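Chain and residue survey
Listed below, chain by chain, are the residues.
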Amino acid sequence: MLLRADRIELVLQSPHEVLAWVDSLPPEVRSEISPDWLTRLRNAIGPDPWTCMFRIRLHEEGAEIGSCGFKGAPDEHGVVEIAYGIDDPYRQRGFATESARMLTEYALTLDEVKIVRAHTKPENVPSERVVVKCGFTLVGQFEDPDDGMVNRWEIHSRGK
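Residues numbered from 1 in each chain as written. Predicted model: local features only at pLDDT ≥ 70, side-chain atom pairs only at ≥ 80, totals over all residues. Heavy atoms only, no water.

**Some points on the pairing of strand β4 (residues 64-70)**
Side chains on a regular strand alternate between the two faces of the sheet. Most of β4 sits out of view: 6 of its 7 residues are buried. Connecting strand β3 (residues 54-58) to the next strand, β4, in antiparallel fashion are 5 residues, including Gly62 with a positive phi near 75°. (Buried < 20%, exposed > 50% of the residue type's maximum accessible area, 1.4 Å probe, protein only. Helix = DSSP H or I, 4+ residues; strand = E, 2+ residues; numbered from the N terminus. Pairing = 2+ DSSP bridges.)

What follows is the structure, given as structure tokens:
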């Protein structure tokens with residue numbers, strides 16, 4: 001699966017590629033990864049946009065500059081959560097916003113998705129700017145089992 005925008009494309013990774021990436025992370029970063037997600041990833045039989053990550057790649061250079069994806073399939077209320085991260089040398093150039101927008105637009109084209117959600121840590125102002133630019137609305141604070149206290153942002157589909 002490939003999602004394309006003006007400057008970047010999102011390339012869906014296989015479970016094997018994502019697990020190799022996880023194994024390459026420093027232990028302190030790896031320890032922050034959701035055990036539930038890792039279990040779903042290990043049990044995946046192929047690339048799945050609800051489980052596997054997308055690599056963010058620049059069109060012109062072909063450089064991989066970060067990753068993004070969904071934290072799981074839509075729940076019983078049609079809610080999906082997005083996550084995104086841009087490598088340090090490419091930050092503050094709008095790539096996170098472009099990635100988050102692409103994921104959101106893709107999800108909202110699907111009948112089973114009613115709400116796209118994003119969580120930001122209260123001190124992460126750049127990430128909050130990303131979701132605001134994408135049209136998300138702050139709906140309150142939430143204690144996330146993986147990330148602790150977060151600000152919850154949502155964007156609702158129209159007409160669903």
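**Some words on the environment of Ile86**
Take Ile86: it is sitting in strand β5 (residues 79-86). Accessibility expressed as a relative area gives 7% for Ile86, which makes it buried.

**Comments concerning the nonpolar core**
Within the largest apolar cluster, 43 residues are counted, with the highest numbers of intra-cluster contacts made by Leu10, Phe70, Ile82 and Phe136. Of all the elements, helix α4 (residues 95-108) adds the most residues to this core, at 7 residues. (Core = buried A, V, L, I, M, F, W, Y, C linked by side-chain atoms within 4.5 Å.)

**Concerning the environment of Met1**
Tracing the backbone through its elements, the reader meets Met1 in the segment before β1 (2-4). Taking C-alpha positions, Met1 is 9.0 Å from Phe54, a pair spaced 53 residues apart along the chain. Setting aside chain neighbours within four positions, we find Met1 in contact with Leu10, Val11, Leu12, Pro49, Phe54 and Tyr106. (Contact = heavy atoms within 4.5 Å.)

**Regarding the side chain of Thr120**
If you trace the backbone, Thr120 turns up in strand β6 (residues 115-120). Within polar-contact distance, the side chain of Thr120 engages the side chain of Glu128 at 3.3 Å. There is a polar contact of 2.9 Å between the side chain of Thr120 and the side chain of Trp153. If near-sequence neighbours (up to four positions away) are discounted, Thr120 is found in contact with Tyr84, Ser127, Glu128, Val131, Val150, Asn151 and Trp153. (Polar contact = N/O pair within 3.5 Å; in protein donor to acceptor, adjacent residues only side chain to side chain.)

**Here we look at the pattern of salt bridges**
The final tally for this structure, using the stated rule, is 8 salt bridges. Ionic pairing is found between Glu9 and Arg4, a salt bridge with its closest N-O pair at 2.5 Å. With a relative accessible area of 55%, Arg4 lands in the exposed category. One salt bridge connects Glu64 with Arg55, and the closest N-O pair in it is separated by 3.0 Å. Residues participating in the shared-partner salt-bridge network are Arg4, Glu9 and Arg57. (Salt bridge = Lys/Arg side-chain N within 4 Å of Asp/Glu carboxyl O.)

**Some details on the state of the cysteines**
Here is the idea: a disulfide is a covalent bond, and it sits between the sulfur atoms of two cysteines. The full count for this structure, using the stated rule, is 0 disulfides. The closest cysteine sulfur to the non-disulfide-bonded Cys68 is located on Cys134, 11 Å from its own sulfur. (Disulfide = S-S within 2.5 Å.)

**Some details on the packing of aromatic side chains**
In the structure shown here, the tally under the stated rule is 2 aromatic pairs. A connected cluster of aromatic rings, assembled from ring pairs, spans Trp50, Phe70 and Tyr106. Taking the ring centre of Phe142 as reference, the NZ or CZ of Arg152 above it sits at 3.8 Å. (Phe/Tyr/Trp six-rings, centres within 6.5 Å; stacked < 30°, edge-to-face > 60°. Lys NZ or Arg CZ within 6 Å of the ring centre and 35° of its normal.)

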